[in-house]
Structure formats: structure tokens, C-alpha cells
Amino acid sequence: MIRLICRENDNDIEFMKKISAQGEWSTRLAFIFAATGSAVGLGNIWKFPYITGENGGGAFVLVYLLCIALIGVPIMMAEILLGRRGRQSPINTMRDLAKEAGAKPYWRWLGWLGVIAGFLILSYYSVIAGWAMAYFVRVSTGVFEGATADGVSSIFGQFVADPEKLLAWHSLFMIMTMLVVARGVKGLERAVRFLMPALLVLLLLLVVYAMEQGDFAQALNFLFSADFSKITSESILTAMGHAFFTLSLGMGAIMVYGSYLPDKVSIGSTTLIIALADTAVALLAGLAIFPLVFANGLEPSSGPGLIFQTLPIAFGHMDYGSVFGGLFFLLLVFAAWSSSISLIEPAVAWLVENKNMSRMRACILSGTTTWLLGIGTVLSFNLTADVRLFDKTFFDLLDYLTANIMLPLGGLCIALFVGWVMSRDDSMAELKMKRPLAYGIWIFLLKYISPTAVLIVFLNVIGII
Ligand code: PHE
């Protein structure tokens, strides 16, 4: 139901009860599930373990955790706040809030940056989610029963070498994403409610298995003892970029979800819950995967294939492995699904608002564009694997550009806007924090710490400092 949408009337803008044209979450819990559904995804279970493996373990994990606490959490609060105050797609929200604050309309480009980042991320995200779907089928049909580490690796190698298979799974996943998005906020809400708790339970089960069967001590040592000699400016950028990626920040996904958030919900405590849940899932994934990596003599730095080359070994040897394994990959698909819908939602919301399109048409248009882009990633694992730009394949390049550059840049602008452009009264009113100290800490982090940290990391990588 559309109640009252923000009108372009300067004087009235902040006094009206605004509700997004797309609807509203039914409860606070619905928002928590949806935002956690967006945050928890391939980033936690697929990407976090492999980039931790590539970047040497403990010290990287520590930098990542610091980035979550000092940059991610304050910016997430800012992004939700913007969304709820604007109550529209990120592009229109930024345009109106800039106007409200008496700033230049160029801030709407922040919304555009996010829409483009969303397309680019979803284009490869969907390909990897397709891998998870394919593995759901393989594991549950017992393909890996009794398999050795070598056998599992070679199955993975053959799989990604086949562009047609990857394309088919990528297409299926894109269709699934479009179907949910077309149904609007309620569709999103229903989908994530049961999936997140189920994923958590299964992950815990896997950790227990890894504890018993894998080299748990070495994994703990790898993940939590920091050796700073392994840290480079690039790995700090990766850790920071991943903090944005894993919390879905810097591209409008959380902003657009915030625009469906009822007025009375407290943004601060809700953000903390989401960030903690997201971090817990990533660490649990690490604790499930690395004991198996070490026990089977695999390379922690084997890249994007890491979970597909480790977990099937475990499933191939445990009792009822094909059931548990099937379930695990199924839930991974669901986790990816609930993230992918948020990647495309900013674009869809804008098309509906500005181009007068039905949600269905908007979904088809943005979904097809993303699908086409995804073909580039499909091929980068096989036919064009040798084509490199800046020493990176198409997939690596997209991943680097989005996670390490576009998301932190978007986050930086969000911090600058809320910290420096928006009035204190407005941010205070929207956050509704009861304790002045909590507000003080947040605004200090947002104004000074987060932007400086992002800038230092950027300048450091370019070699200026
Ligand atoms: N946070 C998601 C994950 O970890 C990915 C994502 C990034 C989703 C940006 C939305 C926006 O898998």
C-alpha cells in the first residue's frame, strides 16, 4: 500500500510522515532478517575464507575486524539513517537530502555509483552462486562419497573449465533473483526469515565436525595469531574493502532497505545486531574450513575455489554427508539469494520511481543487463582465463574494482555527507539515540575516523603515503 510519498515541497519535507512507494517492513525483526540476509552471503562463506588464506591469516583477520568496528558499523548506521530519512531509491534519496541540507545536487551521483556497483557485483556474484547450486546437486547425489582431496580438486577444475555449465547455473540464479525482486518487499521478507537461522545451525554443525576431524589447532593458530610481516598495503585494502562488501555497504543496498524501515525502530542497536551476526558467520565459516584445509594438506591460498575444494572432502567422509552437504550448499544458495536481491533493489526502486515502470519490467531490464555482464565472469574461468588486464582476469578485475574501490568510495561519501553536510539535529533526530555519549562516539567515528581511515588506505595503495 502506498500511503504518503515525500513530495517536492521544501517546507514540508521533513514534517510529513513519509513512506516509501515500495512499502515498509512489517516489523523490526523483519528488517533485521532482511538486512542480515543481505549482509550474510557468499562474502562470509566463500570470500572471507579464501581472502584470509591469500593474505596470510591472523593479522588480516584482525585488520578486517577493526575495519568492521571502526568503519563498517558507523557507516552502516549512517546509510540506514539516510535511507529512512529519504524513503526512496538511493539516487532520489541523496538528491532530496542534499537539497534538504542546502548542498549541491551532485550528491545524487553517490546513488548512481551504487547502482553501477550493484550491477557489477551481482554479475559475478550470480556466477559464484551458480557454483553453489551445482555443488548442491553434486554433493547431494553422492558424487564426492569417499573422494580424496585430489579428486575433489580435479572435479572442481573440470567444472569451472566448462563455460556452458557455468552459464546455465548463472542464468538459473539470475532468474531466481528476478522472481523474488519482482514481488517486492514482502517477497524479500518471507524468503529470508527461515533461511538465516537454518544456515547458522548448519554452520555450527560443520564447525563441530571440523573440530573433531580436522586440524583445529592449526586453524585457530592461522586465523587468530597475528603475524604482521604478512600484511601489505594491498592486504589492508582488501580487508577494508571486504568489511564494506560483507556488510553490504557503500552501494545503497542497506540504504534502500533502510528506506523501508518503520520510524520507531532504533538504528544503533539494530546495526550492532546485524554486524555481529555477519561477523559471527564469517568466523564460523573460517573455523569450519581451515581445519579441513590443513588436515588435507591443501593450500590456504588456493583462491576462489577454496570452499569448493575443501568442504566436499568433509561431506564425502562423514555419515549422512550427502544430506548435510546438500543442505549446506542449499543454504549457501539461499544466503546468496537474499544478498543478490539487495544488490539489484536500488536500481529497481529507481526505475519504478523515475521511469514509471512496473516492478516486473524493472526487474527484467536490470536482471538482463546483469546477466549479460556475468558472461564475462563465466568466461574468465575458462576460455578467457589468460586474458589479463593489470595482471587480473575479468572476474578479478570486477571484484577488485567493486569491493576495493567503489564500495569504500561510496562509504567515504556517505560518511562525509552524514558527518559534515547533514545537520546534527537531523542525524540526531533520525537516530533517536537515548544516550548522548553513544551519539557522540558515533558522530566522532563517522566524521573523523572512518573517512580518514579510508583515505589513508587509498593513498597508501596508490603509493602517495
Ligand atoms: N554482503 C554480501 C555478502 O557478503 C554481498 C553484498 C555486497 C550484498 C554489497 C549487497 C551489497 O555476500
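Up top is the structure.
These lines cover the structure that appears in this document, whether it is placed above or below.

**So, the overall build of the protein**
Logical step 1: What the protein contains, in helices and strands, is 18 helices and zero strands.
Logical step 2: A compact globule built from 465 residues should have a C-alpha radius of gyration of about 23 Å, and the protein, at 21 Å, falls within 12% of that.
Logical step 3: Overall, the protein is about 70 × 45 × 40 Å in size when its C-alpha atoms are taken along their principal axes.
Logical step 4: By residue count, 60% of the 465 residues in the protein fall in the buried class.
Logical step 5: Of all intrachain contacts in the protein linking residues separated by at least 6 positions in sequence, the fraction that spans at least 24 positions is 81%.
Logical step 6: When the accessible surface of the protein is summed, it comes to about 18100 Å², and 66% of that surface belongs to carbon and sulfur atoms.
Logical step 7: Of the side chains in the protein, 31 bear a positive and 31 a negative charge, and the two mean positions are spaced by 11 Å.

**Side note on the layout of surface pockets**
Unoccupied space between atoms shows up once a probe the size of one water molecule is rolled over them.
Logical step 1: Taken as a whole, the largest pocket holds about 580 Å³ of empty space.
Logical step 2: Tyr-50, Glu-54, Pro-304, Asp-396 and Asp-399 are, among the 29 residues lining the largest pocket, the residues nearest its centre.
Logical step 3: Listing elements by their share of the lining of the largest pocket, those giving two or more residues are helix H2 (42-54), helix H6 (149-160), helix H10 (233-246) and helix H16 (394-421).
Logical step 4: Counting residues per element, the lining of the largest pocket draws most heavily on H16, which supplies five residues.
Logical step 5: Residue classes in the lining of the largest pocket are distributed as ten nonpolar, eleven polar and eight charged.
Logical step 6: Estimates place the volume of the second largest pocket at around 380 Å³.
Logical step 7: For the second largest pocket, the lining is made up of 17 residues, of which Met-77, Gly-268, Leu-272, Met-433 and Ala-438 are closest to its centre.
Logical step 8: Looking at the lining of the second largest pocket, the elements with two or more residues in it are helix H3 (58-86), helix H12 (267-295) and helix H18 (436-462).

Reading guide: rules and limits
- Residues numbered from 1 in each chain as written.
- Predicted model: local features only at pLDDT ≥ 70, side-chain atom pairs only at ≥ 80, totals over all residues.
- Heavy atoms only, no water.
- Helix = DSSP H or I, 4+ residues; strand = E, 2+ residues; numbered from the N terminus.
- Rg over C-alpha atoms; globule rule 2.2 N^0.38 Å.
- Buried < 20%, exposed > 50% of the residue type's maximum accessible area, 1.4 Å probe, protein only.
- Contact = heavy atoms within 4.5 Å.
- Areas by Shrake-Rupley, 256 points an atom, 1.4 Å probe, with all protein chains shown as cover.
- Lys, Arg positive; Asp, Glu negative; His and termini not counted.
- Charge placed at Lys NZ, Arg CZ, Asp CG, Glu CD.
- 1 Å grid on protein atoms, 1.4 Å probe; cavity = no way out; pocket = protein on both sides within 12 Å on 5 of 7 lines; lining within 4 Å.
- Points joined across faces, edges and corners; volume = space filled by probe spheres on them.
- Nonpolar A, V, L, I, M, F, W, Y, C, P; charged D, E, K, R; others polar.

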